[in-house]
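Chain by chain, the residues:
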Amino acid sequence: MDEIDHKILDCLKKNSRMQWKDIGKEVHLSGQAVAFRVRKMEDNGIIQGYSAVTNERALGNIIAFITVFMESADHHAFHTFVRAKNEIVECHRISGDGCYLLKTVIKDHDALTHLLDQILHYGNYRVSLSLDTIVTSGN
């Protein structure tokens, strides 16, 4: 990874649909050279995928962050549970207060309550509801 690769990544983070030739203009390479570098980053696992960013509130969804305090040493079972839940969009093993931080996008309060009841099988939790999303230059 060199400085040009980082600039290409910055372009793709801002707009993953940006054309190779347009990225090339930004980084002073041909579109073909950009495509080669992007494929290399994909092959090396640096770029893991592309996605559409949606406004979950506009879709009527609730964003909740759940800190899980494990009461069991069976982390493997918890990992299996998390992977099976589509409403859990991110799971981070954390240091400090708690064991895991889950980001959830969920349709309503009833669905959130149901998920929290299931989490109780693994430990206790603390929930924070997202009130707003502040976009930073890194996103």
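**Q** Would you take a moment to explain the overall build of the chain for this structure?
**A** A tally of regular secondary structure across the chain gives 5 helices and 4 strands. Helices and strands in the chain line up, N terminus first, as α-α-α-β-α-β-β-α-β. The C-alpha radius of gyration computed for the chain amounts to 19 Å, which surpasses the reference 14 Å derived for 139 residues by more than 25%, pointing to a less compact arrangement than a globule. Principal axes of the C-alpha set define a box for the chain whose edges measure 55 × 35 × 25 Å. Here the contacts in the chain between residues at least 6 apart in sequence split such that 62% fall between residues at least 24 apart. Taken as a whole, the chain presents about 9500 Å² of accessible surface, with 50% of it coming from carbon and sulfur. For the chain, the distance from the average position of its 16 positive side-chain charges to the average position of its 18 negative side-chain charges is 6 Å.

**Q** Please explain the packing of aromatic side chains as it appears in this structure.
**A** Aromatic ring pairs are reported here in terms of the distance separating the ring centres and the angle at which the planes meet. Tallied over the full model, the rule gives 4 aromatic pairs. Relative to Tyr-122, the ring of Phe-78 has its centre 5.4 Å away and its plane inclined at 65 degrees; by these criteria the two rings are edge-to-face. Of the two residues, Phe-78 sits in helix H4 (residues 75-84) while Tyr-122 sits in the loop between helix H5 (109-119) and strand E4 (123-129), which places them 44 residues apart along the sequence. By relative accessible area, Phe-78 is classed as buried at 0%. Every member of this aromatic cluster is reached through a ring pair, and the members are Phe-78, Phe-81, Tyr-100 and Tyr-122.

**Q** In this structure, what is going on with the sheet that holds strand E2 (residues 88-93)? I would like to understand it.
**A** In any sheet, the strands associate via hydrogen bonds between backbone groups, in a parallel or an antiparallel arrangement. Ordered in space as E2-E3-E1-E4, the 4 strands form an open sheet in which the pairing is antiparallel. Looking at the sheet topology across the chains shown, the edges are occupied by E2 and E4. Neighbouring strand axes in the sheet, compared pairwise and without regard to direction, differ in orientation by 20 degrees on average. Bridge count between E2 and strand E3 (residues 100-106): 5 bridges; the pairing is antiparallel. Note that in E3 the partner of Glu-90 across the bridge is Lys-103. Contacts from H5 reach strand E1 (62-70), E2, E3 and E4, with the element oriented near 10 degrees to E1.

**Q** Please explain the pattern of salt bridges as it appears in this structure.
**A** Using the criterion set out here, one finds 4 salt bridges in the structure. Note that Arg-37 and Asp-5 form a salt bridge whose closest N and O atoms lie 2.8 Å from each other. In this pair, Arg-37 is assigned in helix H3 (residues 31-43) and Asp-5 in helix H1 (residues 3-14), connecting sequence segments 32 residues apart. Classification of Asp-5 by relative accessible area gives buried; the value is 9%. Taken together, the salt bridges that share partners define one network made up of Asp-2, Asp-5 and Arg-37.

**Q** Help me understand the pairing of E3 in this model?
**A** A regular strand places its side chains on the two faces of the sheet in alternate fashion. Most of E3 is tucked away: 5 of the 7 residues are buried. As paired strands, E1 and E3 are joined by 7 bridges and run antiparallel to one another. Following the sheet pairing, Ile-62 is matched in E3 by Ile-106. Here E2 hands over to E3 after 6 residues, with Gly-96 in that stretch at a positive phi of 85 degrees.

Definitions and limits used
Residues numbered from 1 in each chain as written. Predicted model: local features only at pLDDT ≥ 70, side-chain atom pairs only at ≥ 80, totals over all residues. Heavy atoms only, no water. Helix = DSSP H or I, 4+ residues; strand = E, 2+ residues; numbered from the N terminus. Rg over C-alpha atoms; globule rule 2.2 N^0.38 Å. Contact = heavy atoms within 4.5 Å. Areas by Shrake-Rupley, 256 points an atom, 1.4 Å probe, with all protein chains shown as cover. Lys, Arg positive; Asp, Glu negative; His and termini not counted. Charge placed at Lys NZ, Arg CZ, Asp CG, Glu CD. Phe/Tyr/Trp six-rings, centres within 6.5 Å; stacked < 30°, edge-to-face > 60°. Buried < 20%, exposed > 50% of the residue type's maximum accessible area, 1.4 Å probe, protein only. Pairing = 2+ DSSP bridges. Axes fitted to C-alpha atoms, helices over the stretch in contact; angles between N-to-C directions. Salt bridge = Lys/Arg side-chain N within 4 Å of Asp/Glu carboxyl O.

Any functional reading would require information beyond the geometric quantities listed.
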